[in-house]
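Secondary and tertiary structure notes
Chain residues, written in single-letter form:
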Amino acid sequence: MDAQLPDVEAGKRFYGGLFGWTFEDQPQGTVRALKDGAPVASLAHKADGRLPTVWTVSFATPDAEALCRRIRAAGGQLVAPPHPFGDLGVTALVTDAEGAVFSLWQGAASPGFGRRHEPGAFAWVQLYTRDTGTANAFYGGLFHDALFGPDADPDFGRAPVSDVFPAEMPPHFLVHFAVDDPGTAVAEVIRLGGRVQVPPFGTSYGTVAVVTDDQGASFALLRR
């Protein structure tokens, strides 16, 4: 997952302070975020100020070109076609049938998360959608075994967009970072210049708080 930010240096200060991340340079002017030396995310400069300041989740695939064709056939759209990301892999930006944006990642030298399900690392992604049945059909068709197979243990939930956000909010993904204590983490977000969108609340997958960083990118804090 990666954050598109107006100021990457400010992002390094915010997330370094919140999660204890360190950083190293990546191709195309981005930086890789590390937790205890293992990759957990990337920060990138938002080249166009008209674009939203957001966190974007990437789904792994062995063949980004083929998956893009399947996405279009299922009613999704291609925002940015597959292209090399240095020598680390191939990436593409797409939408689902309702317009929620996500990325594809065909890893080469960098297959994906080096850590997850621990404080300061990825823990869950929630899709807020107009129609959970449509979402299940779309993503189930693309990633059936990972989501619904007999050995599936997905970190991916679907919920109606109006459950937490205003009804006019478009379908979107919300990435969740693991924390030991959402209340303490929320206080640190505020100290670092971020703000709280939704205070800690209970869900079927843990206790969640929805916050934004000091540049406006939304994300969630999760204790499972």
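Here's a quick rundown of the structure. (Residues numbered from 1 in each chain as written. Predicted model: local features only at pLDDT ≥ 70, side-chain atom pairs only at ≥ 80, totals over all residues. Heavy atoms only, no water.)

The subject of this paragraph is the overall build of the chain. A tally of helices and strands in the chain yields five helices and 15 strands. At 17 Å, the chain has a C-alpha radius of gyration in line with the 17 Å of a compact globule built from 224 residues. Overall, the C-alpha framework of the chain stretches about 45 × 40 × 40 Å when taken along its three principal axes. A burial count over the chain gives 47% of its 224 residues as buried. Excluding contacts between residues fewer than 6 apart, the proportion of contacts in the chain whose partners are at least 24 apart in sequence is 58%. For the chain, the exposed surface amounts to about 10,400 Å²; the carbon and sulfur share of it is 51%. (Helix = DSSP H or I, 4+ residues; strand = E, 2+ residues; numbered from the N terminus. Rg over C-alpha atoms; globule rule 2.2 N^0.38 Å. Buried < 20%, exposed > 50% of the residue type's maximum accessible area, 1.4 Å probe, protein only. Contact = heavy atoms within 4.5 Å. Areas by Shrake-Rupley, 256 points an atom, 1.4 Å probe, with all protein chains shown as cover.)

The subject of this paragraph is the environment of histidine 176. Inspection of the secondary structure assignment puts histidine 176 in strand S12 (residues 172-178). For the pair histidine 176 and valine 210, spaced 34 residues apart in the sequence, the C-alpha separation amounts to 8.6 Å. Excluding residues within four positions of it along the chain, histidine 176 makes contact with Ala121, Phe122, Ala123, Trp124, Val125, Gln126, Tyr205, Val208, Ala220 and Leu222. At 3.0 Å, the side chain of histidine 176 forms a polar contact with the backbone oxygen of leucine 174. (Polar contact = N/O pair within 3.5 Å; in protein donor to acceptor, adjacent residues only side chain to side chain.)

This part covers the nonpolar core. One finds Trp55, Phe102, Tyr139, Phe173 and Phe219 to be the most contacted residues of the largest nonpolar core, which totals 48 residues. At five residues, helix H1 (residues 8-19) tops the list of elements feeding residues into this core. With residues up to four places along the chain from it excluded, the contact list for tyrosine 139 reads Asp96, Phe102, Leu127, His144, Leu147, Phe156 and Phe173. Listed in part, the 13 residues of the second largest apolar core include Ala123, Val161, Ala220 and Leu222. (Core = buried A, V, L, I, M, F, W, Y, C linked by side-chain atoms within 4.5 Å.)

In spatial order, the strands read S2-S3-S4-S1-S5; together these five strands make up an open sheet with mixed pairing. Strand pairing shows two members of the sheet lacking a second neighbour, strand S2 (22-25) and strand S5 (54-56), which therefore form its edges. Adjacent strand axes in the sheet meet at a mean angle of 30° when their direction is disregarded. Here four bridges tie strand S1 (residues 2-5) to strand S4 (residues 38-45), and the two strands are oriented parallel to one another. Across the sheet, the residue bridging to aspartate 2 is serine 42, located in S4. Its contacts with the sheet put H1 on S1, S2, strand S3 (31-35), S4 and S5, and the angle it makes with S4 is roughly 150°. (Pairing = 2+ DSSP bridges. Axes fitted to C-alpha atoms, helices over the stretch in contact; angles between N-to-C directions.)

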